[in-house]
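Single-letter residue listing:
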Amino acid sequence: MAISREHILALLAQNLENRGSVMPVRQKLLTRWADGLGLPKGGKTILYTGHMYQIMPFIRAMAAKNKKMDGSWLEKYAGFATVVNRIVNIVNLLSMGASSDDIQFYNDILRNIVTILGRHGIKPGYLYEDELYAGALAYDLGLDSVFERHARAVHDLLRRCGAELIITVDPHTTQMFRLVYPEVLDNFDIKVKSYLEVLAGSEREIKGEEPERSIVVHDSCVYSRYLDMVDEPRRLLAGKGFKIVEPLFSGRLTHCCGGPVESLFPEKAREIAEKRLESLPEGTKDVATMCPICLFNLKEAAEERVHTADIASYLL
Amino acid sequence: MIRVNGEFRQRARLDKNFNAGQCFNCGTCTALCPVGMAILPRQLFRYVLLGAEEKIVEYSDSIYSCLLCRMCEENCPEGVLIAENIRALRRYLVEDVYHI
């Protein structure tokens, strides 16, 4: 018998409350991407990953297990998990088997972002093992009480390390810090910029040699409709020499990738990703995403039909 | 038969940002929704405004299948905060129905 949604939500709330993330994978795996980059710990300007790119390989590993079991992995395990999870980190167990290629793939995106920022003379700090998930999924699912407690902990952390500017790498963390934290917390006045905004505002232009290579831009719903960020990625890609192709739904009218319902309705998520792929112009070869959830969902649905990659890979 | 509860909105603390009363039932949200929700946002909001609490629980799958992508909101002629309204209903389900 399928486990009820309340167990799923309880598990996610429990993880955020007790382990600092809805998807608590081992700390070492969250910070490994920064090995050898020499990023200083902390500082006034910090790069904040919010763990979003790093957790994707583990979500994929769980999704693969789920596929074999014909139903949401969370649904299958949640009732049992809420009891056991108090002692044993169930997510760690379920996400075992994440491929090292996947881990490398998502870690490389973060490394690319640091490299590109470095070329613009921007060398941010990083919080390493102190960094916390920003809480986006809990907020979206209506787990407001646990989200607010977590947001206060994140704010305390940022204050303690003296952060004045947070450079984010994904739309969901950007939305949390720029729109949600100021609403639910007192005195959240830390500046928040996506690295794409930082690069687009930089005096040094991104220049490249990609003459006439066409690229289809898949906008993130959160960047375009919550944060009004549509021009920046296009300016950066055009500067690099790409010819930008707009799909049927783009900019503020972008079509969702389906990812937001992956945890509760994986089949529905796949169906929506398929619809998005069908709406791409005929002959599309390269698609640029700017959100790890979009990248994950479209890549899974597209398989080998189109080459889907994060915008940072194109801007490198 | 639908049982209505006149105090539902107050009890569910939906007053702050819940502006579904502005919806004039045009259906733009429905036409644009990538999910194809089993119950249309406008119908769902009518139930809330009526205080049909049982219907909100009955349609919790739809409430949780919303992507919060704001495609509907972007095109809503009345400026209804559809995604935030849906999120508020989730908060109600979490706190008052699931007791998490």
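The present account deals with the structure reproduced in this document. (Residues numbered from 1 in each chain as written. Chains lettered and ligands numbered in written order. Predicted model: local features only at pLDDT ≥ 70, side-chain atom pairs only at ≥ 80, totals over all residues. Heavy atoms only, no water.)

## Considering the overall build of chain B
So, step 1. Of the regular secondary structure elements, chain B holds 7 helices and 0 strands.
So, step 2. Element order for chain B, N to C, with α for helix and β for strand: α-α-α-α-α-α-α.
So, step 3. Against the 2.2 N^0.38 benchmark of 13 Å for 100 residues, chain B shows a C-alpha radius of gyration of 13 Å, consistent with a compact globule.
So, step 4. Look at the contacts in chain B between residues 6 or more apart in sequence, and 70% of them connect residues 24 or more apart.
So, step 5. In the structure as shown, chain B presents an accessible area of about 4,600 Å², 49% of it carried by carbon and sulfur atoms.
So, step 6. Side chains of chain B give 12 positive and 12 negative charges; the mean places of these two sets differ by 1 Å. (Helix = DSSP H or I, 4+ residues; strand = E, 2+ residues; numbered from the N terminus. Rg over C-alpha atoms; globule rule 2.2 N^0.38 Å. Contact = heavy atoms within 4.5 Å. Areas by Shrake-Rupley, 256 points an atom, 1.4 Å probe, with all protein chains shown as cover. Lys, Arg positive; Asp, Glu negative; His and termini not counted. Charge placed at Lys NZ, Arg CZ, Asp CG, Glu CD.)

## Details of helix H7 (residues 82-97) of chain B
Residue and element names in this part refer to chain B.
So, step 1. Given a rise of 1.5 Å per residue, 16 residues ought to cover 22 Å, and the 21 Å separating the end C-alpha atoms of H7 matches this to within 8%.
So, step 2. Of all 16 residues in H7, 12 are buried, a share of seventy percent or more.
So, step 3. Considered for burial, the residues of H7 that qualify are Ile 82, Ala 83, Asn 85, Ile 86, Arg 87, Ala 88, Leu 89, Arg 90, Arg 91, Tyr 92, Leu 93 and Val 94.
So, step 4. At the exit of H7 stands His 99, carrying a positive phi of roughly 55°. (Expected span 1.5 Å × (residues − 1). Buried < 20%, exposed > 50% of the residue type's maximum accessible area, 1.4 Å probe, protein only.)

## Description of the sheet that holds strand S5 (residues 214-217) of chain A
Picture the strands of a sheet paired through backbone hydrogen bonds; they go either parallel or antiparallel.
Residues and elements named next belong to chain A.
So, step 1. As summarised here, the arrangement of the 4 strands in space is S6-S5-S7-S8, forming an open sheet in which the pairing is parallel. The open sheet has two edge strands with one neighbour each: strand S6 (243-245) and strand S8 (307-310). Sheet twist, expressed as the mean angle between neighbouring strand axes with direction ignored, is 35°.
So, step 2. With 4 bridges joining them, strand S7 (residues 286-289) and S8 adopt parallel strand pairing. By the bridge assignment, Ala 288 is partnered in S8 with Ala 309. (Pairing = 2+ DSSP bridges. Axes fitted to C-alpha atoms, helices over the stretch in contact; angles between N-to-C directions.)

## Some remarks on the interface of chain B and chain A
So, step 1. Between chain B and chain A, the contact holds 25 residues from the first and 30 residues from the second.
So, step 2. Together, the buried faces of chain B and chain A total about 2,400 Å²; carbon and sulfur atoms form 57% of this surface.
So, step 3. A salt bridge links Arg87(B) to Asp144(A); the nearest nitrogen and oxygen atoms lie 2.8 Å apart.
So, step 4. Elements with a contribution of two residues or more to the side of chain B that touches chain A: helix H5 (60-65), helix H6 (71-75) and H7 of chain B.
So, step 5. A per-element tally of the side of chain B that touches chain A places H7(B) first, with 7 residues. (Buried area = accessible area lost by both parts, 1.4 Å probe. Salt bridge = Lys/Arg side-chain N within 4 Å of Asp/Glu carboxyl O.)

## Here we look at the pairing of S5(A)
Residues and elements named next belong to chain A.
So, step 1. When S5 meets S6, the two strands line up parallel, connected through 3 bridges. Across the sheet, the residue bridging to Ile 215 is Ile 244, located in S6.
So, step 2. Here S5 pairs with S7 via 2 bridges, running parallel. Among the inter-strand pairings, Val 216 is bridged to a residue of S7, identified as Val 287.

## Observations concerning a nonpolar patch on the surface
So, step 1. Residues Ile87(A), Val88(A), Leu93(A) and Met96(A) make up a contiguous nonpolar surface patch of roughly 420 Å² in combined accessible area.
So, step 2. Relative to the elements of secondary structure, Leu93(A) occurs in helix H5 (residues 90-94). (Patch = residues over 30% accessible without salt bridge, like charges linked within 9 Å, V, L, I, M, F, W, Y side chains within 5 Å.)

## Some points on helix H3 (residues 41-50) of chain B
All names here are of chain B.
So, step 1. Residues of H3 that are buried include every one of Pro 41, Leu 44, Phe 45, Tyr 47 and Val 48, and no others. The arc enclosing the buried residues of H3, seen along the axis, measures out at 155°, which places them on a common side.
So, step 2. Looking at the packing, one finds that the buried side of H3 touches helix H1 (8-11), helix H2 (28-32), helix H4 (53-58), H5 and H7.
So, step 3. Following H3 by one or two positions, Gly 51 adopts a phi angle in the positive range, close to 85°. (Arc of directions from axis to C-beta.)

## A few points about the pattern of salt bridges
So, step 1. Per the stated rule, a full pass over the model turns up 19 salt bridges over all chains.
So, step 2. In this structure, Glu58(B) engages Lys55(B) in a salt bridge whose closest nitrogen and oxygen atoms are separated by 3.4 Å. Of the two residues, Glu58(B) and Lys55(B) both sit in helix H4, 3 residues apart, roughly one turn of that helix.
So, step 3. On the accessibility criterion, Glu58(B) (49% relative accessible area) is partly exposed.
So, step 4. One connected set of salt bridges, linked through shared partners, spans Lys41(A), Glu129(A) and Asp130(A).

## Details of the packing of helix H13 (residues 266-278) of chain A against helix H14 (residues 292-302) of chain A
Residues and elements named next belong to chain A.
So, step 1. Where H13 meets H14, the closest approach of the two axes is 9 Å, and the angle between their N-to-C directions is 80°. Classified by the interaxial angle, the pair formed by H13 and H14 is roughly perpendicular. Across the interface between the two elements, Ala 269, Arg 270, Ala 273, Glu 274, Arg 276 and Leu 277 from H13 touch Asn 297, Leu 298, Glu 300, Ala 301 and Ala 302 from H14. (Parallel < 35°, antiparallel > 145°, perpendicular 65-115°, else oblique.)

## Brief notes about the environment of Glu267(A)
So, step 1. Here Glu267(A) lies in helix H13.
So, step 2. Between the C-alpha atoms of Glu267(A) and Val180(A), which are 87 residues apart in sequence, the distance is 29 Å.

## Focus on the environment of Leu12(A)
All names here are of chain A.
So, step 1. Inspection of the secondary structure puts Leu 12 in helix H1 (residues 5-19).
So, step 2. Taking the relative accessible area as the measure of exposure, Leu 12 reaches 4% and is therefore buried.
So, step 3. For Leu 12, the residues in contact, after removing those within four places along its chain, are Val 22, Leu 137, Leu 141 and Leu 143.

## Observations regarding the packing of H3(B) against H7(B)
All names here are of chain B.
So, step 1. At their nearest, the axes of H3 and H7 sit 12 Å apart, and the two run at 50° to each other. In this view, H3 runs oblique relative to H7, as classed from their interaxial angle. Crossing geometry of H3 relative to H7 is assigned as left-handed. When H3 is examined against H7, the residues Pro 41, Leu 44, Phe 45 and Val 48 are found in contact with a partner set consisting of Ile 82, Asn 85, Ile 86 and Leu 89.
So, step 2. Taken together, the residues that form the contact of H3 with H7 break down as 7 nonpolar, 1 polar and no charged. (Left-handed = near helix turned anticlockwise from the far one by under 90°. Nonpolar A, V, L, I, M, F, W, Y, C, P; charged D, E, K, R; others polar.)

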